[in-house]
Amino acid sequence: MPQKNEKLGFLTRAVHEGNAVDKDTKAVKRPITMANSYELPYDPTGINWSSAGQNLYTRNGGANQNYLQEKIASFENAQDSIVLASGVAALSGLFFSLLKSGDHVIFSSVTYIAVYRLLNELFNNKFKIETSIVDTSNLQAIKTALKPNTKLIHVETPANPTLSISDIKAISEIARKNGALLSVDNTLASPFNQRPIELGADFSIESLTKYVNGHGDAMGGSISGKKEYLDVIRAQAQVNLGAAISPFNAWLIMRGAATFPLRMKQHNENALETARFLETLDETRFVSYPGLESHRGHAAAKLQMNPGFGGVLSFALKADADAHNRFVSNLRIITSAVSLGHDTSLIAYIGKNDERQYLYPKEFHNGFLRLSVGIEDSKDIIDDIKQALIKTFKT
Ligand SMILES: Cc1ncc(COP(=O)(O)O)c(C=O)c1O
């Protein structure tokens, strides 16, 4: 294993960080430690039974969690990382640990649904935390929404499902000037394309379920940032709320993460090619992908996303809901399913009754498709779309 602090490339770190030859067996991969408790010292009197990050009880911390945390912290270029049971466990853990009654939170008008539910419903109604839903692609709107008690600005960029872009560096400056913290849900970009901590954010959140694992077979989430905050979040979210990841899922994500940068390169390329193809079609009503020059956030995306723009895009056909559903059912390679960032291409039709559509740009109001472009041959993905369109509009 290379020395700590040695400046290694992303590909090398994806393979090596958090892994080592197993001391007992000499296996070239660290094993899965499927134990829920660890041996105590001779005199355990001094142990804080609620302390996190020590091998005591798997909800407090465990071997596979620790290895994965090392890898994620390296990906994010962060002082520390916590890995939890899911992306939502990471989001709720962050909010539960940081916020108290009387605080105010500004959050992006387009976010993963659980953020809306947690902040706008649970935290607002139950814990009297004030919330403002703001189009965070508009810096002036953020400045206008600030209050003396604004504790946190939570941004998702690119945002699921519209792909709207918020300028992380500019928002981090606004947050800092006003004594607020900034958290960024980085799931759609992934730390290969975008590292919020480097851009000034206090926290970067990932649903590891998506690109970092990449194989659609495990769930996990991470929060990365400064140790002083993460120690608190680890104690609260992991130990007391119980959002610990299972050793097996941590191991699966570790395994998936070795090829994460290679997969991301393919996702980036395939999605750009697919978005450009969709834009040329007479059948499409709009295509939203931050890598397209036509995307309203393209300039901001280019400044903070590198080398690519991720694998997710949204589009709609000039057709009704039934034709959209026929199109999806005619696809042969692309699977109709939720989630994103898997090896396989996934598509979901998001119909008119999404209660948050009033918060989305107008073109998203009458139903649209979210496509997570996989790592198959791009020609096969595009050919699949072509044949499904022919079938859809023939019947
Ligand atoms: C942007 C974003 N954040 C968070 C989540 C939640 O992650 P998980 O499903 O791992 O809880 C998702 C899930 O789709 C997501 O798209």
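Residues numbered from 1 in each chain as written. Predicted model: local features only at pLDDT ≥ 70, side-chain atom pairs only at ≥ 80, totals over all residues.

### Some words on the site of the ligand
Right, so step 1: Around the ligand sit 13 residues, and of these S86, G87, Y112, S207 and T209 come closest.
Right, so step 2: Residues belonging to the shell around the ligand are distributed by class as follows: 4 nonpolar, 7 polar and 2 charged. (Near = placed C-beta within 6 Å. Nonpolar A, V, L, I, M, F, W, Y, C, P; charged D, E, K, R; others polar.)

### Overview of the pairing of strand 3 (residues 130–134)
Right, so step 1: With 5 bridges joining them, strand 2 (residues 104–108) and strand 3 adopt parallel strand pairing. Directly across from H104, in strand 3, lies its bridge partner E130.
Right, so step 2: What joins strand 2 to strand 3 is helix 4 (residues 113–127), and the crossover it makes is right-handed. (Pairing = 2+ DSSP bridges. Helix = DSSP H or I, 4+ residues; strand = E, 2+ residues; numbered from the N terminus. Right-handed = clockwise from strand over helix to strand, strands pointing away.)

### Some remarks on the packing of helix 2 (residues 63–76) against helix 9 (residues 247–257)
Right, so step 1: Following both chains from N to C, one finds helix 2 and helix 9 inclined at 30 degrees, their axes separated by 8 Å at the closest point. Where helix 2 crosses over helix 9, the two elements pack in a sense that is left-handed. Along its contact with helix 2, which presents N64, Q65, Y67, L68 and K71, the element helix 9 presents P247, A250, W251, I253, M254 and A257.
Right, so step 2: In the contact of helix 2 with helix 9, the residues fall into 8 nonpolar, 2 polar and 1 charged. (Axes fitted to C-alpha atoms, helices over the stretch in contact; angles between N-to-C directions. Left-handed = near helix turned anticlockwise from the far one by under 90°. Contact = placed C-beta atoms within 7 Å.)

### Digging into the sheet that holds strand 5 (residues 181–185)
Right, so step 1: The mixed open sheet is built from 7 strands, whose spatial order is 1-7-6-5-4-2-3. Strands at the two margins of the open sheet, each flanked by one partner only, are strand 1 (80–84) and strand 3. Across this sheet, the average inter-strand angle for adjacent strands is 20 degrees, counted without regard to direction.
Right, so step 2: The sheet contact formed by strand 4 (residues 150–156) and strand 5 spans 5 bridges and is parallel. Bridge pairing in strand 5 places I153 opposite L182.
Right, so step 3: On the sheet, helix 2 packs against strand 1, strand 6 (203–207) and strand 7 (221–225) and is oriented at approximately 130 degrees with respect to strand 1.

### A word on the packing of helix 10 (residues 260–279) against helix 13 (residues 378–394)
For any two helices packed against each other, the geometry comes down to the angle between their axes and how far apart the axes lie.
Right, so step 1: At their nearest, the axes of helix 10 and helix 13 sit 10 Å apart, and the two run at 30 degrees to each other. Here helix 13 runs roughly parallel to helix 10, going by the angle between their axes. Every pair of crossing elements has a handedness; the one defined by helix 10 and helix 13 is right-handed. Contacts from E269, N270, E273, T274 and F277 in helix 10 reach S378, I381 and I382 in helix 13.
Right, so step 2: Residue composition of the contact of helix 10 with helix 13, grouped by class: 3 nonpolar, 3 polar and 2 charged. (Parallel < 35°, antiparallel > 145°, perpendicular 65-115°, else oblique.)

### Here's the deal with the sheet that holds strand 9 (residues 312–317)
Right, so step 1: The 5 strands lie next to each other as 8-9-12-11-10, forming an open sheet whose pairing is mixed. The two strands at the open ends of the sheet, each matched to only one other strand, are strand 8 (284–288) and strand 10 (335–336).
Right, so step 2: Pairing analysis gives 4 bridges linking strand 9 to strand 12 (residues 368–372), with the strands arranged antiparallel. If you follow V312 over to strand 12, its bridge partner there is S372.
Right, so step 3: Across the face of the sheet, helix 12 (residues 321–330) comes into contact with strand 9, strand 10, strand 11 (346–350) and strand 12 while running at roughly 165 degrees to strand 11.

### Topic: the pairing of strand 1
Right, so step 1: Where burial is concerned, most of strand 1 is hidden: 5 out of the 5 residues are buried.
Right, so step 2: The alternating pattern of strand 1 places D80, I82 and L84 and S81 and V83 on opposite faces, both of which are buried.
Right, so step 3: Here 5 bridges tie strand 1 to strand 7, and the two strands are oriented antiparallel to one another. Counted as the bridge partner of S81 is S224 from strand 7. (Buried ≥ 20, exposed ≤ 12 C-beta atoms within 10 Å, placed from the backbone.)

### A look at the domain arrangement of the chain
The accessible area lost on association of the parts is a frequent measure of interface size.
Right, so step 1: Taken domain by domain, the chain consists of domain 1 (10–257) and domain 2 (260–394).
Right, so step 2: A C-alpha centroid distance of 27 Å is found between domain 1 and domain 2.
Right, so step 3: The interface is formed by 33 residues belonging to domain 1 together with 34 residues belonging to domain 2.
Right, so step 4: Of all the elements in the fold, those that place two or more residues in the side of domain 1 that touches domain 2 are helix 1 (10–16), helix 6 (168–177), helix 7 (190–193) and helix 9.
Right, so step 5: When its residues are assigned to classes, the side of domain 1 that touches domain 2 shows 18 nonpolar, 12 polar and 3 charged. (Domains from an automatic or database assignment.)

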